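This is what each chain is made of:
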Amino acid sequence: DWSSDVCSSDLGKVQEILEENWQKTVDTESGNVAKVVIKVSNRGSFSYKIVSLSYNNEFNTKLKEFLKMMESVEFPKYDKGTLFEMQVEFKDIKE
């Protein structure tokens, strides 16, 4: 599961892409949380900056691989400027 500080229809598609792909990853253990600043450009290119990681190495490795993979995914082009940023929390919740 993951959540974002920004709630806007512009970002809906970006959130959808991230959420859909994050759900495909294998959960490590509940309680692992990392904060990441996500950036999408007016060309649709994705970049990120990790703000904080969890204390779980397996989770952190999975997150880094996930973010790297997202760099090759095409995101909707941001049309209200050159770049937008939002902070996203990535979490593992084991059922």
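The rules we used
Residues numbered from 1 in each chain as written. Predicted model: local features only at pLDDT ≥ 70, side-chain atom pairs only at ≥ 80, totals over all residues. Heavy atoms only, no water. Helix = DSSP H or I, 4+ residues; strand = E, 2+ residues; numbered from the N terminus. Buried < 20%, exposed > 50% of the residue type's maximum accessible area, 1.4 Å probe, protein only. Contact = heavy atoms within 4.5 Å. Phe/Tyr/Trp six-rings, centres within 6.5 Å; stacked < 30°, edge-to-face > 60°. Lys NZ or Arg CZ within 6 Å of the ring centre and 35° of its normal. Salt bridge = Lys/Arg side-chain N within 4 Å of Asp/Glu carboxyl O.

Points about the overall build of the chain
For the chain, the count of helices and strands is 2 helices and 4 strands. Scanning the chain from its N terminus toward the C terminus, one meets helices and strands in the order β-α-β-β-α-β. Every one of the 95 residues in the chain was classed for burial, and the buried ones make up 37%. Restricting the contact set of the chain to residue pairs at least 6 apart, pairs at least 24 apart contribute 76%.

Points about the packing of aromatic side chains
One pass over the full model with this rule turns up 7 aromatic pairs. Centre to centre, the rings of Phe 46 and Tyr 48 are 6.2 Å apart; their planes meet at 35°, and the pair counts as tilted. With a relative accessible area of 5%, Phe 46 lands in the buried category. The exposure class of Tyr 48 is partly exposed, given its relative accessible area of 25%. Each ring, one from Phe 66 and one from Phe 90, has its centre 5.6 Å from the other, and the planes form 65°; the classification is edge-to-face. Here Phe 66, found in helix α2 (residues 57-70), pairs with Phe 90, found in strand β4 (residues 83-91); they are 24 residues apart in sequence, far enough to count as distant. Assigned by exposure class, Phe 66 and Phe 90 land together as buried. Grouped by ring-pair contacts, the aromatic residues Trp 22, Phe 59, Phe 66 and Phe 90 constitute a single cluster. Positioned over the ring face of Trp 22 is Lys 62, at 4.3 Å from the centre of the ring.

Some thoughts on the environment of Lys 91
On the secondary structure map, Lys 91 appears in strand β4. Taking the C-alpha atoms as reference, Lys 91 lies 9.6 Å from Thr 28; in sequence the two are 63 residues apart.

Re the pattern of salt bridges
Overall, the coordinates contain 7 salt bridges when judged by the stated rule. When the shortest N-O distance is used, the salt bridge between Lys 13 and Glu 16 registers 3.3 Å. You can see Lys 13 and its partner Glu 16 sitting in helix α1 (residues 9-22), 3 residues apart, about one turn around the helix. When its relative accessible area of 43% is taken as the criterion, Lys 13 is described as partly exposed. Classification of Glu 16 by relative accessible area gives partly exposed; the value is 42%.

Description of the environment of Val 88
Mapped onto the secondary structure, Val 88 falls in strand β4. The spacing of Val 88 and Leu 18 is 70 residues in sequence and 9.7 Å in space, taken between C-alpha atoms.

These figures come from the coordinates and say nothing about function on their own.
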